[in-house]
Amino acid sequence: MSDLSVDPTEHELTPQPPHGMGGAKVEIITSRDVPLGGLRSMKVKRTLPQRQRSMIGAWCFCDHYGPDDVSVTGGMDVAPHPHTGLQTVSWLFQGKIMHHDAAGTHAVVRPGEANFMTAGSGISHSETSTQDTKVLHGVQLWVALPDEDRNMLRRFDHFAPELTKFDEGEALVFVGSLLGETSPVSTFTPLVGAEIRLNPGAEFTFEVDPEFEHGLLLDAGSIELEGVPVARAELAYTGIGEKTLTIKNTGDDMARMLFFGGEPFKERIVMWWNFIGRTHEEVAKAREEWQARSERFGYVEGYIGHDPKGMEWIPAPKLPNAKITARKNPGPVARPEMRIG
């Protein structure tokens, strides 16, 4: 998925040392509405990156969308666009998406199946909701690649996890290890990712890696994380040092959430539009090469947009007039006082 902002915010992210541990504090990150594109501009709710917090582990982007009636919104129609230095992770709850990329991958993204596209030094891809999709509903995540891997060759991976059942509900673990399950997907930094569903009234305590910081995005239902209410489309953050977390379903329906985290990212990175680099100059060069349609990003075959008069590719926005300046990511400790609303 692309960041289609006309004037995207630049991010220079700097890891900070821990501020201390003790107690499962919870920081709530609210979402902001962003138009994604399509015939009538489908809206997504973006929780990462924000000024409040830009990364959770290596996870640096989180868009939550739907359930959208495709007949009203026009669905997803994102023409070929570039990426560098990151890995996209697509996760659907409902509907299907057609993915084409410059690595030669043509894949249908389905609910409950994780799709990982690794950009390396450069890739381009397109995403469109399929013709038989009536309702589209899911999450798009990005993972920043560490320096030793960020110029690797582009690739695509797919994994359909088995459903893990427990007394309080069920889960699909698609990255890392959780609830006794381990995903076979290779990661470039230590990560975890899972869809968790809790039964009505259930209270669930589970073990987590104390070296990880975590985020919990609520998709459906009513829950509390460590006694803190989490509203739909909010991202609840917990810092490092926690060995267990407790989620309570406070509603009458099954609650569904996306849980992800990882070790705090140790490198200084610059993030702007669809590029992740290490300097302003590096990002500017990637933009220049994309505008020139250089071979760096390859070429997407098979893209058919919903609008016959639509774009064949997405041009990059203009860079800011000033050099990208630092935006520091807070240290890996939750700040309950940062809750908005």
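Look up: the structure comes first, before these words.
Since we're looking at a predicted model, the values are computed, not measured.

Caption draft 1: Fine view of the packing of aromatic side chains. All told, the structure shown has 12 aromatic pairs when counted by the stated rule. With centroids separated by 4.3 Å and ring planes inclined at 15°, the aromatic side chains of phenylalanine 166 and phenylalanine 204 adopt a geometry described as stacked. Remark: phenylalanine 204 occurs in strand 19 (residues 203-207) and phenylalanine 166 occurs in strand 14 (residues 164-166); sequence separation between them is 38 residues. Geometrically, the ring pair formed by tryptophan 290 and tryptophan 313 is edge-to-face, given 5.5 Å between the ring centres and 75° between the ring planes. Of this pair, tryptophan 290 sits in helix 2 (residues 280-291) while tryptophan 313 is found in the segment after helix 2, placing the two residues 23 residues apart along the sequence. Note on tryptophan 290: relative accessible area 1%, which makes it buried. Judged by its relative accessible area of 23%, tryptophan 313 falls in the partly exposed class. Through a chain of ring-to-ring contacts, the aromatic side chains of Trp272, Trp273, Phe275, Trp290, Phe297 and Trp313 assemble into a single cluster. The residue whose ring lies beneath arginine 53 is tyrosine 237, and the NZ or CZ to ring-centre distance is 3.8 Å. The ring of tryptophan 313 carries the charged tip of arginine 293 above its face, separated from the ring centre by 4.4 Å.

Caption draft 2: Fine view of the side chain of asparagine 329. Inspection of the secondary structure puts asparagine 329 in the segment after helix 2. There is a polar contact of 2.7 Å between the side chain of asparagine 329 and the backbone nitrogen of serine 54. Polar side-chain contacts of asparagine 329 include one of 3.3 Å to the backbone nitrogen of methionine 55.

Caption draft 3: Here's a closer look at the environment of leucine 179. In this structure, leucine 179 sits in the loop between strand 16 (177-178) and strand 17 (181-182). Each C-alpha atom, one on leucine 179 and one on isoleucine 240, is 18 Å from the other, the two residues being 61 residues apart in sequence. When neighbours within four sequence positions are excluded, leucine 179 is seen to be in contact with Thr164, Phe166, Ala171, Phe204 and Phe206.

Caption draft 4: Molecular detail of the pattern of salt bridges. All told, the structure shown has 17 salt bridges when counted by the stated rule. Residue aspartate 33 pairs with lysine 45 through a salt bridge whose shortest N-O separation is 3.0 Å. Placement of the pair is aspartate 33 in strand 3 (residues 32-37) and lysine 45 in strand 4 (residues 42-48), with a sequence separation of 12 residues. For aspartate 33, a relative accessible area of 54% corresponds to the exposed category. A salt bridge links aspartate 219 to arginine 256, with the nearest nitrogen and oxygen atoms 2.9 Å apart. A residue pair is termed long-range when its members are at least 10 positions apart, and aspartate 219 in strand 20 (residues 213-220) and arginine 256 in strand 25 (residues 255-262) qualify at 37 residues. Assessed through its relative accessible area of 22%, arginine 256 is described here as partly exposed. Here the residues in one salt-bridge network are Lys165, Glu170, Glu195 and Arg197, joined through shared partners.

Caption draft 5: Representation of the pairing of strand 9 (residues 106-109) within the structure. Residues of strand 9 alternate between two faces, with Ala107 and Val109 buried on one and His106 and Val108 left unburied on the opposite face. The pairing of strand 8 (residues 97-101) with strand 9 spans 4 bridges and is classified as antiparallel. Of the residues in strand 9, the one forming a bridge with histidine 100 is histidine 106. Joining the antiparallel neighbours strand 8 and strand 9 is a turn of 4 residues, in which glycine 104 adopts a positive phi near 90°.

Caption draft 6: Highlighting the sheet that holds strand 21 (residues 223-225). The strand order across the open sheet built from 4 strands is 19-24-21-22, with neighbouring strands paired in antiparallel fashion. On the outer flanks of this sheet lie strand 19 and strand 22 (228-230), each paired with one strand and no other. Within the sheet, the average angular offset between the axes of one strand and its neighbour, ignoring direction, is 30°. Of the strand pairs in this sheet, strand 21 and strand 24 (residues 244-249) are connected by 3 bridges, and their pairing is antiparallel. When the sheet's bridge partners are listed, isoleucine 223 is paired in strand 24 with asparagine 249.

What counts and what doesn't
Residues numbered from 1 in each chain as written. Predicted model: local features only at pLDDT ≥ 70, side-chain atom pairs only at ≥ 80, totals over all residues. Heavy atoms only, no water. Phe/Tyr/Trp six-rings, centres within 6.5 Å; stacked < 30°, edge-to-face > 60°. Helix = DSSP H or I, 4+ residues; strand = E, 2+ residues; numbered from the N terminus. Buried < 20%, exposed > 50% of the residue type's maximum accessible area, 1.4 Å probe, protein only. Lys NZ or Arg CZ within 6 Å of the ring centre and 35° of its normal. Polar contact = N/O pair within 3.5 Å; in protein donor to acceptor, adjacent residues only side chain to side chain. Contact = heavy atoms within 4.5 Å. Salt bridge = Lys/Arg side-chain N within 4 Å of Asp/Glu carboxyl O. Pairing = 2+ DSSP bridges. Axes fitted to C-alpha atoms, helices over the stretch in contact; angles between N-to-C directions.

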